Structure formats: C-alpha cells, structure tokens
Amino acid sequence: MTGGLKDSEPEEFLHSPFIRKQGNIYKPNNKDMDNESLNEKTMEDVHTKEIDLVNRDPKHVNDDVVKVDFEDVIAEPAGTYSFDGVWKASFTTFTVTKYWCYRLLTALVGIPLALVWGIFFAILSFIHIWAVVPCVKSYLIEIHCVSRVYSICVHTFCDPLFEAMGKCFSNVRIRTTKEI
C-alpha cells in the first residue's frame, strides 16, 4: 500500500478514468450532465447543435429504402460468368458512379432542397402550433358544454324509459323448437 494508507483501509482512486459510454468524437455523450446544465445547454444550442458525421441516419429513416449495392442490381448465376476483369471493372464502375453521382447531386440540389424542406416544415409547425392545436382545444372546450347537457338529458329522460322497458321485457321467455 502506498500513500500512508493502513492495511485495513481500502485503496481509493483520486481521479476516475474517463470512459465514454456512448457517442463518438463528433457527438459526445451528455447523459451524465445534471438537468440544470442540460437545460441551459439545450436552450443555448437549439440552432447550433452538434451533428453526428459518422452515423448520419441515427433514427434509421432510410434503412429499407436506399440500400442498393452492386450485388442487389447485377448478379451472374452459376454457369454464366463474364471475364473476371469485366466483373471487377463493372463493380468498380457501378460503385464509383453511384458514389460520385450521389455526391454531385447532393452538392447541386441538396442545399436548395434543404432550404425548401426547412421552409415547408417551418410552415407546417407554424400552422400546427398557431392554428390546429388552438382550434382543437377550442372545440374540446365548446363540446364539453354540449356533452354535459346531452348527458343530463340522456340520464333524465332515457334512463328511466329504458329501465322500465327492461323490467317489462325481463320476464319474456322465448323457446324455439325444431320440427322435422
């Protein structure tokens, strides 16, 4: 034992080693932060949050849509093989063309479409927050009065009528017989 500890005292670490539980170098794990500093951080970083450059589809939006590889499009069954060089060149051509064509399209059209989708979802959020939710809340408040009046009318007029009819018909017995 070092540091003047007696044999019966447990050895304690002054500093715990840093271990990343989740996340990567682009998006650090902030789960261990207390609620107050987390709320301050979210209030400050609403528009400038860090993006994850490694996992660009964290919610798995496109898992079943755009996973198209060379083997999914071009496949040679047994017995009908092309030359190995042609197969390798085809693979490389397909992969590189898909990669660079996607990058070129995103460079040319990605930012304008991001602008269009940003405007669209801003308008959609605005309509939902400032029109739809208040209309629904207003309707629920207004319909609550109507439902109370309707409930009182049903309990006042219909309940006694149906109870009386139920008592009248409770002694009715129906018997069926089958004739051959």
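Residues numbered from 1 in each chain as written. Predicted model: local features only at pLDDT ≥ 70, side-chain atom pairs only at ≥ 80, totals over all residues. Heavy atoms only, no water.

- Going by what an unreviewed UniProt entry lists, the protein is known as Caveolin and is assigned to Periophthalmus magnuspinnatus.
- According to UniProt, the comment filed for the protein under the heading Sequence similarities (unreviewed entry) is "Belongs to the caveolin family." (UniProt positions renumbered as here; feature names shortened; annotations may be inferred.)

Let's talk about the overall build of the protein
- Check the secondary structure of the protein and you find three helices and zero strands.
- From first element to last, N terminus to C terminus, the protein shows the α and β order α-α-α.
- Among the 180 residues that make up the protein, the fraction classed as buried is 2%.
- Sequence separation of 24 or more characterises 31% of the internal contacts of the protein that already satisfy a separation of 6 or more.
- By element, 65% of the accessible surface of the protein is carried by carbon and sulfur atoms, the whole surface being about 17,500 Å². (Helix = DSSP H or I, 4+ residues; strand = E, 2+ residues; numbered from the N terminus. Buried < 20%, exposed > 50% of the residue type's maximum accessible area, 1.4 Å probe, protein only. Contact = heavy atoms within 4.5 Å. Areas by Shrake-Rupley, 256 points an atom, 1.4 Å probe, with all protein chains shown as cover.)

Quick notes on unusual backbone geometry
- With a phi angle near 55°, H60 is a residue other than glycine that sits in the positive phi range.
- Within the secondary structure, H60 sits in the loop between helix 1 (35-44) and helix 2 (70-73).

A short note on the pattern of salt bridges
- Tallied over the entire structure, the rule returns one salt bridge.
- When the shortest N-O distance is used, the salt bridge between K98 and D69 registers 4.0 Å. On the criterion of sequence distance, the pair formed by K98 in helix 3 (residues 84-169) and D69 in the loop between helix 1 and helix 2 is long-range, its members being 29 residues apart.
- By relative accessible area, which is 39% here, K98 ends up partly exposed.
- Its relative accessible area of 42% is what places D69 among the partly exposed residues. (Salt bridge = Lys/Arg side-chain N within 4 Å of Asp/Glu carboxyl O.)

Thoughts on the confidence of the model for the protein
- Mean pLDDT over the protein stands at 79; residues scoring 70 or higher make up 73%.
- Within the protein, the lowest mean pLDDT, 53, falls on helix 1, and the highest, 94, falls on helix 3.
- Across residues 1-21, confidence stays below pLDDT 50; counting only partners more than four residues off in sequence or on other chains, it has eight contacts. (pLDDT = per-residue confidence, 0-100.)

Remarks on the packing of aromatic side chains
- One pass over the structure, following the stated rule, counts seven aromatic pairs.
- Centroid distance F70 to F91: 5.4 Å. Interplanar angle 85°. Geometry classified as edge-to-face. Here F70 is found in helix 2, whereas its partner F91 is found in helix 3, with 21 residues between them in sequence.
- The structure contains a cluster of three or more aromatic residues connected by ring pairs, namely F70, W87, F91 and F94. (Phe/Tyr/Trp six-rings, centres within 6.5 Å; stacked < 30°, edge-to-face > 60°.)

Re the side chain of D52
- Within the secondary structure, D52 sits in the loop between helix 1 and helix 2.
- There is a polar contact of 3.3 Å between the side chain of D52 and the backbone nitrogen of N55. (Polar contact = N/O pair within 3.5 Å; in protein donor to acceptor, adjacent residues only side chain to side chain.)

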